[in-house]
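What follows is the residue order along each chain.
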Amino acid sequence: MTLQQEIVGTAMQMAVVSLQPGQTVYCEAGKFLFKTANVTMETRLSGPSGGGQAQAGAAGAGGAGGPGGGMGGMLRQAMGTAMQVGQRALAGESLAFQYFTSTGGEGTVGFAGVLPGEMRALELDGTRAWFAEKDAFVAAESTVEFGIAFQGGRTGRSGGEGFVLEKFTGRGTVIIAGAGNFIDLNPADFGGRVDVDTGCVVAFEEGIRYGVQRVGGLNRQGVMNAVFGGEGLSLATLEGNGRVILQSLTIESLANALRKAQGGDKQGPTGGLFSTNAG
């Protein structure tokens, strides 16, 4: 069953989802906006793959095969949930999901991201997974599985924002959000590779190779790029043939703009080189 959704708004978009009777959508805690009265809301620690279906199976085993089967199923479910929660905690993600199910007719639920920017609905057909930056996930059908992918240690430490990725598998619709405006591209159209600010990557398809490279060498120009170029020491590299979504605004640049607006980054009389920080 395809998820019927509409993304509305401009500077701060939101997704309005129409649920058919019995259809379920889940979101990360903190992304819910509103719902109609006939939509039930339930908060769980487990993702969709470890939730109600496993619990129902365990209950059925207990009723038919005695308490041993039921206890075994419950233990396996508890261990699976604990592993999911542990992964999300290690990644700095929300520990719980909120599930919304329509009862007694069609229902409506609204979701939004946490930063001014765009939203995008991705359709998964079961053949390719999607990866997204941490906190990009907003909501998805219950047929889409949410997971955590840990990028290689060297890549993650170098890139700062590239260590933890959200991973979506299965079939159905997943809604993501980012900051600023989105641009879609395929590295194959640009010689097979693009280099971007590590904070600009929103999401990419499975098959795209994600890495991090140092900006320049340990020479004068490399130091100038790192210190005065505003990009730090590393850039993200995206290689291969597949869809990539980038955002025009990074969380770091937004935080810097807010600090300046609050007087926390005052420039001296000779410009930015001699700027002073007032807290």
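Report follows, based on the coordinates. (Residues numbered from 1 in each chain as written. Predicted model: local features only at pLDDT ≥ 70, side-chain atom pairs only at ≥ 80, totals over all residues. Heavy atoms only, no water.)

So, the overall build of the protein chain
So, point 1. Counting its secondary structure elements, the protein chain contains five helices and 20 strands.
So, point 2. Burial statistics for the protein chain: of 279 residues in total, 42% are counted as buried.
So, point 3. Long-range pairs, those at least 24 residues apart, make up 78% of the contacts in the protein chain with a sequence separation of at least 6.
So, point 4. Carbon and sulfur atoms make up 56% of the accessible area of the protein chain, which totals about 14,300 Å². (Helix = DSSP H or I, 4+ residues; strand = E, 2+ residues; numbered from the N terminus. Buried < 20%, exposed > 50% of the residue type's maximum accessible area, 1.4 Å probe, protein only. Contact = heavy atoms within 4.5 Å. Areas by Shrake-Rupley, 256 points an atom, 1.4 Å probe, with all protein chains shown as cover.)

Concerning unusual backbone geometry
So, point 1. One non-glycine residue, Asp135, lies in positive phi territory at about 80°.
So, point 2. Tracing the backbone through its elements, the reader meets Asp135 in the loop between strand S9 (130-133) and strand S10 (137-141).
So, point 3. Classification of Asp135 by relative accessible area gives partly exposed; the value is 36%.

Observations concerning the nonpolar core
So, point 1. If you look at the biggest cluster of nonpolar residues, it comprises 21 residues, and the most contacted ones within it are Tyr26, Phe137, Phe168, Val174 and Ile176.
So, point 2. Counting residues per element, the ones that place at least two in this core are strand S6 (97-102), strand S8 (119-125), S9, S10, strand S11 (144-150), strand S12 (164-177) and strand S15 (201-205).
So, point 3. Broken down by element, this core gets its largest block of residues, four residues, from S12.
So, point 4. If we skip the residues at most four places from it in the chain, Val174 touches Arg120, Ala121, Leu122, Leu124, Phe137, Ala139, Ala140, Val144 and Phe168. (Core = buried A, V, L, I, M, F, W, Y, C linked by side-chain atoms within 4.5 Å.)

Here we look at the sheet that holds strand S2 (residues 14-19)
So, point 1. Taken in spatial order, the four strands of this open sheet run S1-S2-S7-S4, and their pairing is antiparallel. In this open sheet, the two edge strands, each paired with only one partner strand, are strand S1 (4-8) and strand S4 (32-35). Ignoring which end each strand starts from, the neighbouring axes of this sheet average 20° apart.
So, point 2. Inspection of the sheet shows S1 paired to S2 by five bridges, in the antiparallel sense. Looking at S2, one finds that Gln5 is bridged to Val17. (Pairing = 2+ DSSP bridges. Axes fitted to C-alpha atoms, helices over the stretch in contact; angles between N-to-C directions.)

A short note on the pattern of salt bridges
So, point 1. Per the stated rule, a full pass over the model turns up eight salt bridges.
So, point 2. Here Glu42 and Arg44 are joined by a salt bridge, their closest N and O atoms 3.4 Å apart.
So, point 3. Its relative accessible area of 22% is what places Arg44 among the partly exposed residues.
So, point 4. Linking Arg128 and Glu205 is a salt bridge whose minimum nitrogen-to-oxygen distance equals 2.9 Å. Of this pair, Arg128 sits in the loop between S8 and S9 while Glu205 sits in strand S15; the two residues are 77 residues apart in sequence, bridging distant segments of the chain.
So, point 5. Taking the relative accessible area as the measure of exposure, Glu205 reaches 14% and is therefore buried.
So, point 6. Connected through salt bridges with shared partners, the residues Glu118, Arg120, Asp184 and Arg243 form a single ionic network. (Salt bridge = Lys/Arg side-chain N within 4 Å of Asp/Glu carboxyl O.)

Observations regarding the sheet that holds strand S16 (residues 209-214)
Within a beta sheet, neighbouring strands are joined by backbone hydrogen bonds and run either parallel or antiparallel to one another.
So, point 1. Spatially, the three strands line up as an open sheet ordered S14-S17-S16, and their pairing is antiparallel. Every interior strand has two partners, whereas the edge strands, strand S14 (193-196) and S16, have only one. With strand direction ignored, the average angle separating the axes of adjacent strands in the sheet is 25°.
So, point 2. By the bridge criterion, six bridges tie S16 to strand S17 (residues 234-239) in an arrangement that is antiparallel.

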